[in-house]
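# Structural characterization, general
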Amino acid sequence: MNRRQFLQTSAEFAASAMLLSLGSVPSFAAPDAQENSVPWVTLNNGVRMPRLGFGTMTLKGDVSSVADAISLGYRLIDTAMIYNSEEAVGEGIKQSGIKREELFITSKLWKTDMGYEQARQGFQTSIDKLGTDYLDLYLIHRPSGGDWKGSWKAMEELYHAGKIKAIGMSNADFDQMDYLIANSEVKPAVHQIETHAFFQEGKAHDYLKQHGIIMEAWAPLAEGRHGLFTNDTLAAIGKKYNKSNAQVSLRWHYQRGIIAIPRSKRRAHRMENLNIFDFELEDSDMAAISKLDLNTSQFPEWS
Ligand SMILES: NC(=O)c1ccc[n+]([C@@H]2O[C@H](COP(=O)([O-])OP(=O)(O)OC[C@H]3O[C@@H](n4cnc5c(N)ncnc54)[C@H](OP(=O)(O)O)[C@@H]3O)[C@@H](O)[C@H]2O)c1
């Protein structure tokens, strides 16, 4: 086993041990070297999901960024109806030449499509735009009003019909998660929420681990807000490993067992963000980053 494989395996083992000790279901499987360099995790329903992905918010019609991300090794692509990027993602997948079944595509149901019938329609519109006949993960984007429980029912049916491999939430509060955990036929597999060094969401992370739900970070780099790319603590840690602030941040998510989906229009950044599997943050690094938490959203305009 070379150093790189050792680092991957030990990080996965640590994460598995952490989850198993909490009695939760996801297991961090060993990486499949033939797939790509990003390790995958097994969700609470047995479906496998890459532990690092590519975000497409604001990319809209940027087909080449998506195709290039896939050619670089990203297999998880995060889109949403509201991003207007689903068609570009579909086209990027075609151009990449990578088989659909080797990819993990997430889309999200927007808040204007809440309710049973609307959710079925919203899902169909999304897969039509993506040019696929199924989604790997479908999330309720913002359950901030409307009949989101009706949407969940529709998603459960689509899940049972094999049209969605896993279902989950985004930006849900604890009461909504409690409701689903207690009452739903299909439990959420993933919860996607704002998470980065300045808003670490420790309480949500503990809760999700306890319930066997994988936490996924949106804005894993805080979109650079609050000076993330020039932060001194991250830079000092990065200097030890010859890594950038972005790479230290993404490695920190990875070692917490959180899936990050950084977005970039630049090839160099897309490559940089994938290159986080050949080093390991020490406990003291993780502790130093935990002190950066401001415990407040950096995106107040969205709450
Ligand atoms: N569920 C939700 O409500 C929700 C909300 C927001 C986002 N999301 C999802 O999460 C994804 C990621 O979040 P995000 O797009 O808001 O923000 P992000 O990934 O935290 O940050 C993206 C920004 O960071 C820059 N960047 C990326 N890599 C870099 C690097 N290595 N060095 C320096 N700058 C770098 C990008 O600029 P360049 O393009 O110049 O590289 C871009 O401006 C979204 O694309 C979307 O898929 C979901």
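Our structure's up above, just so we're on the same page.
Bear in mind the structure is a predicted one, so any value in this text is a computation, not a measurement.

### With respect to the overall build of the chain
Check the secondary structure of the chain and you find eleven helices and ten strands. Across the 303 residues in the chain, those meeting the buried criterion constitute 56%. A total of about 12800 Å² of accessible surface is found on the chain, and carbon and sulfur atoms cover 50% of it.

### Some remarks on the side chain of Gln192
Among the structural elements, Gln192 can be located in strand β8 (residues 190–194). Once you skip the residues sitting within four places of it in the chain, Gln192 turns out to touch Asp78, Lys108, Leu139, Met169, Ser170, Asn171, Glu216, Trp218 and Ile261.

### Remarks on the site of the ligand
Around the ligand, 29 residues are found, and the nearest of them are Glu223, Arg263, Ser264, Arg266 and His269. Taking Arg263, its side chain carries an N or O atom lying 2.5 Å from an oxygen atom of the ligand. His269 is positioned with one of its side-chain polar atoms (N or O) 2.6 Å from an oxygen atom of the ligand. In the complex, the protein chains occlude 91% of the 900 Å² of accessible area that the ligand would expose alone. A per-element tally of the shell around the ligand places helix α10 (residues 267–274) first, with three residues. Within the shell around the ligand, the residues separate by chemical class into twelve nonpolar, nine polar and eight charged.

### Some details on the packing of aromatic side chains
One pass over the full model with this rule turns up nine aromatic pairs. Plain terms: the ring middles of Tyr241 and Phe279 are 5.3 Å apart, the flat faces sit at 45° to each other, and that makes the pair tilted. Here Tyr241 is found in helix α8 (residues 232–241), whereas its partner Phe279 is found in the loop between α10 and α11 (283–290), with 38 residues between them in sequence. Pair check on accessibility: Tyr241 and Phe279 agree, each one buried. Ring centres of Phe299 and Trp302 lie 5.2 Å apart, and the angle between their planes is 20°; this geometry places the pair in the stacked category. A relative accessible area of 33% places Trp302 in the partly exposed class. Every member of this aromatic cluster is reached through a ring pair, and the members are Trp218, Phe299 and Trp302. Against the face of Tyr134 rests Lys165, its NZ or CZ located 4.9 Å from the ring centre. Directly above the ring of Phe279 sits Arg251, whose terminal nitrogen or CZ lies 5.7 Å from the centroid.

### What about the packing of helix α6 (residues 174–183) against helix α7 (residues 202–210)?
Each pair of packed helices gets described by two things: the angle between the helix axes and the distance between those axes. Viewed as axis vectors pointing N to C, α6 and α7 meet at an angle of 0°, and their least axial separation amounts to 12 Å. Considering the angle they form, α6 stands roughly parallel to α7. Contacts from Phe174, Met177, Asp178 and Ile181 in α6 reach Lys203, Ala204, Tyr207 and Leu208 in α7. Looking at side-chain class alone, the contact of α6 with α7 contains six nonpolar, no polar and two charged residues.

### Points about the nonpolar core
Judged by nonpolar contacts, the single largest core of 65 residues is most densely connected at Met169, Leu281 and Ile289. Not counting the four nearest positions on each side in its chain, Met169 is found in contact with Leu139, Ile140, Pro143, Trp148, Trp152, Met177, Leu180, Val190, His191 and Gln192. One finds Met49, Phe104, Val190 and Ile214 within the second-largest nonpolar core, a separate group that totals 14 residues.

The rules behind each value
- Residues numbered from 1 in each chain as written.
- Predicted model: local features only at pLDDT ≥ 70, side-chain atom pairs only at ≥ 80, totals over all residues.
- Heavy atoms only, no water.
- Helix = DSSP H or I, 4+ residues; strand = E, 2+ residues; numbered from the N terminus.
- Buried < 20%, exposed > 50% of the residue type's maximum accessible area, 1.4 Å probe, protein only.
- Areas by Shrake-Rupley, 256 points an atom, 1.4 Å probe, with all protein chains shown as cover.
- Contact = heavy atoms within 4.5 Å.
- Near = heavy atom within 4 Å.
- Polar contact = N/O pair within 3.5 Å; in protein donor to acceptor, adjacent residues only side chain to side chain.
- Nonpolar A, V, L, I, M, F, W, Y, C, P; charged D, E, K, R; others polar.
- Phe/Tyr/Trp six-rings, centres within 6.5 Å; stacked < 30°, edge-to-face > 60°.
- Lys NZ or Arg CZ within 6 Å of the ring centre and 35° of its normal.
- Axes fitted to C-alpha atoms, helices over the stretch in contact; angles between N-to-C directions.
- Parallel < 35°, antiparallel > 145°, perpendicular 65-115°, else oblique.
- Core = buried A, V, L, I, M, F, W, Y, C linked by side-chain atoms within 4.5 Å.

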